Amino acid sequence: MKRIRWGVVLGYIILVIFAIITVFPFIYMILGGLMSFQETTSIPPTIIPKHFEWGNYAKVFAQAPFARYFFNTFVTASITTIVSLFNSLLGAFAMVNLQFKGKRFIQIILLSLLMVPGEVIIFTNYNTIARMGLLNTYIGLVLPFLTSIFYMYYLQSYFGSISSTIYKAAMIDGASDWEYIWKILVPMSKGGLFTVGLLSFISGWNSFLWPLLVTNEDSMRLLNNGLSAFASDAGSETQLQLAAATLTVLPILILYLIFRKQIIRGVVRNDLKG
Amino acid sequence: MGNDKFVEVKNLKKVYNNGHEAIKDVSFSVKKGDLVCLLGPSGCGKTTILNILAGLLSPTSGDILFDGKSVVKTAPKDRHIGYVFQNYSLYPHMSVLQNVMFPLVVGKNKKPKAEAKKIAEKYMKLAQISDLADQRPHNLSGGQQQRVAIARALVGEPKILLMDEPLSNLDARLRLKIREEIRSLVKEVGITTLFVTHDQEEALSIGDKIILFNDGVIQQDDLGQNFYLKPNNYFVANFVGNPVIDNFKVKKDDGKIKAKDFEINVDDLDQDRFKREIPDGDYILSVRPENILPDENGGLPVHVDDIELIGRERILKFEHDGKQARSLVDLEAPIKVGDDIKLKMRLDRIFLFTPDGERVY
């Protein structure tokens, strides 16, 4: 007979409760998107709809240009991801491997900039973009996010854990800095670069405030703005709001499910050993 | 240019940004094809010198000539050197073959893949790692990684090979084997090699000559046996030799050299070995444990405190004037712990140092 260890059981019970609390809103969002209007507003609330109203999704696409929102969001998130990844890769490399005058000074400046919250500079950024005539353009949407000190720092600590003699060895072997970056640094830091790319893509996908400021045309809106506009456009049709929200979250959810391992590995950072 | 000074270091100095003076006016030269060991305790500046030779650090002042040409302003990749790092620094994401090929597929000396592969395979064969070509470095043992690192350092056919404590991550038995292999390999290739180590035994066994550093200064630049027979100073005499040399505080006075429990007539010493006239005063008398042996007519009575077995021989430990000293005797010598014996030293093998370390006899 195996003894039941009550401590373990209690632990699992607590875990399950918290898991339910965390996951419930997502589940309800998905289910609510398949309910009729009456079911979403009934008291006591319905959890499982009687009929799955798949038609809600068709209505969503009919009422707002969601395809366009998807396209816009995908384009801006991809551009910011690729460019900021490239920039932080080069910046972090320079900070870790190159010796130059004023390096410490620059490092301190960057570090203090990291402490400035984005909201503080958002209006200055807005003014800049507006004066450049970039409102309602893709460039205006992505420009402030093409570099990221945070990602640079993240990569810097990643690169810093690679032995400095690897760089020296490459120098003696005759490699240029450019060759070192692409043939050694990047393949050795796949996990970190992947994490940065993913984080950048997700935050690009979820961006709300900035696109709200610099776009006012429907054709330039991103998903989240579209969603909030849709919520008021759709009036009280809560089931359509939930269906639209599900659509917005779905791609990120899929990304998470596919790259679960890499995300965890990137956060734990144990793939540099061996 | 002369092959006698294939590598020449002139008045090299290195002061780090924090003010630490790692190298103080070092000059030496290396003959073409020689294997020279840079020996010294940790922190003596030997790795700094290797890094400066490689161009990974720049000297504060002084000059370095390879084959008669100054390379101080030359980038590491243009110095025609190979470098073996203490931690090997293999590229972990590449196979052994790719690691060895790397110097041939980057930079100015880029070669077509097929040609690079051919050259890499030649050096892998030389380093006996041909059968590991497709392995990743983390699947290899320390000794195998070592060989990959050497093959990678040699594949670009450098003129000079620099090795920074290449054996320190290996276990004792493997170290013996690999160091012989390294020596025969670099001799086969005929490459001029500088080999940094803190292990005197390694230096003595592998080096054509040894340069002993301490505190950023060359203590002795000589053939291996001379470190035993003719140490330049007190530091050298104490650094080289295992078991370590015995030191006795002595006073020269009245034509005699007097220690606490023995004395020697200055006239009994080999007068030719005196480096200069020495005035009366305090000195240190040093003698290697193999040159101070039990003898019924010996002048130094001692009490054996302890005996340590080191293979074929035993070390008798005794105390004299508050300091432990040793005598190296045969395994079968009939002496036990607690015995009172007499020791006699070979007068032509003792050294006399002034209190600040200068050797005078």
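All figures in this text were calculated on a predicted structure; none of them were measured in a lab.

Calculation criteria
Residues numbered from 1 in each chain as written. Chains lettered and ligands numbered in written order. Predicted model: local features only at pLDDT ≥ 70, side-chain atom pairs only at ≥ 80, totals over all residues. Helix = DSSP H or I, 4+ residues; strand = E, 2+ residues; numbered from the N terminus. Rg over C-alpha atoms; globule rule 2.2 N^0.38 Å. Buried ≥ 20, exposed ≤ 12 C-beta atoms within 10 Å, placed from the backbone. Contact = placed C-beta atoms within 7 Å. Nonpolar A, V, L, I, M, F, W, Y, C, P; charged D, E, K, R; others polar. Axes fitted to C-alpha atoms, helices over the stretch in contact; angles between N-to-C directions. Parallel < 35°, antiparallel > 145°, perpendicular 65-115°, else oblique. Left-handed = near helix turned anticlockwise from the far one by under 90°. Core = buried A, V, L, I, M, F, W, Y, C linked by C-beta atoms within 7 Å. Domains from an automatic or database assignment. Pairing = 2+ DSSP bridges. UniProt positions renumbered as here; feature names shortened; annotations may be inferred. pLDDT = per-residue confidence, 0-100.

Draft legend 1. A look at the overall build of chain A. Looking only at helices and strands, one finds 14 helices and 0 strands in chain A. Starting at the N terminus and walking to the C terminus, you meet the elements of chain A as α-α-α-α-α-α-α-α-α-α-α-α-α-α. Relative to a compact globule of 274 residues, whose C-alpha radius of gyration would be 19 Å, chain A shows 24 Å and is clearly more extended. Counting only C-alpha atoms, chain A reaches 75 × 70 × 30 Å along its principal axes. When the 274 residues of chain A are sorted by exposure, 30% land in the buried category. At a minimum sequence separation of 6, the contacts of chain A that also span at least 24 residues come to 75%.

Draft legend 2. Main features of the interface of chain B and chain A. On the chain A side, the residues contacting the 20 residues of chain B number 17 residues. If you list the elements that add at least two residues to the side of chain B that touches chain A, you get β6 (81-84) and α2 (96-105) of chain B. For the side of chain B that touches chain A, the residue count by class is 11 nonpolar, 7 polar and 2 charged.

Draft legend 3. Looking closely at the packing of helix α8 (residues 149-160) of chain A against helix α11 (residues 190-206) of chain A. Residue and element names in this part refer to chain A. The geometry of α8 relative to α11 is characterised by a closest axis approach of 10 Å and an angle of 165° between their N-to-C directions. Classified by the angle their axes make, α8 and α11 are roughly antiparallel. The element α8 and its partner α11 pack so that their crossing is right-handed. Judged by residue contacts, Tyr-151, Tyr-154, Leu-155 and Tyr-158 of α8 engage Gly-192, Val-196 and Ser-200 from α11. Looking at the contact of α8 with α11 residue by residue, the class counts come to 5 nonpolar, 2 polar and no charged.

Draft legend 4. How the structure looks around the nonpolar core. In this structure, Leu-38, Val-100, Ala-151 and Leu-162 of chain B are the most contacted members of the largest nonpolar core, which totals 120 residues. When residues of this core are assigned to domains, at least three fall in each of domain 1 (3-238) and domain 2 (248-353) of chain B. Beyond its immediate stretch of four places on either side in the chain, Leu-162 of chain B contacts Leu-50, Leu-53, Ala-54, Ile-81, Gly-82, Tyr-83 and Leu-194 of chain B. Counting residues in hydrophobic clusters, the runner-up holds 12 residues, among them Val-60, Leu-223, Leu-240 and Ala-245 of chain A.

Draft legend 5. Just the environment of Leu-167 of chain B, in detail. Residues and elements named next belong to chain B. Mapped onto the elements, Leu-167 comes out in the loop between β7 (160-164) and α5 (172-189). When the C-alpha positions of Leu-167 and Asn-233 are compared, they lie 28 Å apart, and in sequence the two are 66 residues distant. Leave out the neighbours within four places in its chain, and Leu-167 touches Arg-175, Ile-178, Arg-179 and Glu-202.

Draft legend 6. Broad picture of helix α9 (residues 164-172) of chain A. Taken residue by residue, α9 of chain A has Ile-166, Tyr-167, Ala-169, Ala-170, Met-171 and Ile-172 of chain A as its buried positions. Buried residues along α9 of chain A sit against α4 (66-97) and α10 (177-188) of chain A together with α1 (46-54) and β6 of chain B. Just downstream of α9 of chain A, Gly-174 of chain A is the residue with a positive phi angle, here 100°.

Draft legend 7. Looking closely at the domain arrangement of chain B. All names here are of chain B. Domain annotation for chain B reports domain 1 (3-238) and domain 2 (248-353). Taking the mean C-alpha position of each, domain 1 and domain 2 sit 39 Å from one another. Each partner contributes residues to the interface: domain 1 has 4 residues there, and domain 2 has 4 residues. When its residues are assigned to classes, the side of domain 1 that touches domain 2 shows 3 nonpolar, 1 polar and no charged.

Draft legend 8. Summary view of the sheet that holds strand β5 (residues 69-70) of chain B. Residue and element names in this part refer to chain B. Pairing within the open sheet is antiparallel, and its 4 strands lie in the order β2-β1-β4-β5. At either margin of the open sheet sits one strand with a lone partner, and together these are β2 (21-30) and β5. As defined by bridge partners, strand β1 (residues 7-15) adjoins strand β4 (residues 61-66) across 5 bridges and the pair is classed as antiparallel. The partner of Val-7 across the bridge, within β4, is Phe-66. Contacting β1, β2 and β4, α1 runs over the sheet at an angle of about 65° to β2.

Draft legend 9. Main features of the sheet that holds strand β16 (residues 300-310) of chain B. All names here are of chain B. Read across the sheet, 5 strands follow the order β15-β19-β16-β17-β18 without closing on themselves; strand pairing throughout is antiparallel. Edge positions in the sheet fall to β15 (292-294) and β18 (323-330), since each of these pairs with one other strand and no more. Neighbouring strand axes in the sheet, compared pairwise and without regard to direction, differ in orientation by 50° on average. Sheet analysis places β16 next to strand β17 (residues 313-320), joined by 6 bridges and oriented antiparallel. Directly across from Asp-306, in β17, lies its bridge partner Lys-317.

Draft legend 10. The arrangement of the pairing of β4 of chain B in detail. Two elements, β4 of chain B and β5 of chain B, share 2 bridges in a ladder whose sense is antiparallel. In the strand pairing of β5 of chain B, Leu-65 of chain B is matched with Ser-70 of chain B.

Draft legend 11. Molecular detail of the UniProt feature "transmembrane region" (unreviewed entry) in chain A. All names here are of chain A. Per the UniProt annotation, the sites labelled "transmembrane region" (unreviewed entry) are residues 7-31, 69-93, 105-123, 135-154, 193-213 and 240-259. With 100% helix and 0% strand, the stretch residues 7-31 has end C-alpha atoms that lie 35 Å from each other. The span residues 240-259 carries 100% helix and 0% strand; its end-to-end C-alpha distance comes to 29 Å.

Draft legend 12. Main features of the UniProt feature "domain: ABC transporter" (unreviewed entry) in chain B. On the UniProt side, "domain: ABC transporter" (unreviewed entry) is annotated at positions that read residues 7-240 of chain B here. Here residues 7-240 of chain B runs as 36% helix and 25% strand, with 25 Å between its end C-alpha atoms.

Draft legend 13. Main features of the confidence of the model for chain A. Residues and elements named next belong to chain A. Model confidence for chain A is summarised by a mean pLDDT of 87, while 95% of its residues fall at 70 or above. Taking the mean pLDDT of every element in chain A, the minimum, 80, falls on helix α13 (residues 223-233) and the maximum, 94, on α10. Confidence drops under pLDDT 50 across residues 270-274; counting only partners more than four residues distant or on other chains, this segment forms 6 contacts.

Draft legend 14. The confidence of the model for chain B, seen in detail. Of all residues in chain B, 99% attain a pLDDT of 70 or more, and the chain-wide mean is 91. Here the predicted complex carries an ipTM of 0.84, next to a pTM of 0.82.

Draft legend 15. Unusual backbone geometry, seen in detail. Put simply, Ile-43 of chain A and Pro-44 of chain A share a cis peptide bond, and its omega is -5°. Mapped onto the secondary structure, Pro-44 of chain A falls in the loop between α2 (37-41) and α3 (55-63). Going from Asn-242 of chain B to Pro-243 of chain B, the amide bond is cis rather than trans, its omega being 0°. At Asn-11 of chain B, a residue that is not glycine, the phi angle is positive and equals roughly 45°. Within the element layout of this structure, Asn-11 of chain B appears in strand β1. Among the residues examined, Asn-11 of chain B registers 12 C-beta atoms within 10 Å and is labelled exposed. Phi angles above zero are rare outside glycine, and Asp-254 of chain B is one such case at about 60°.

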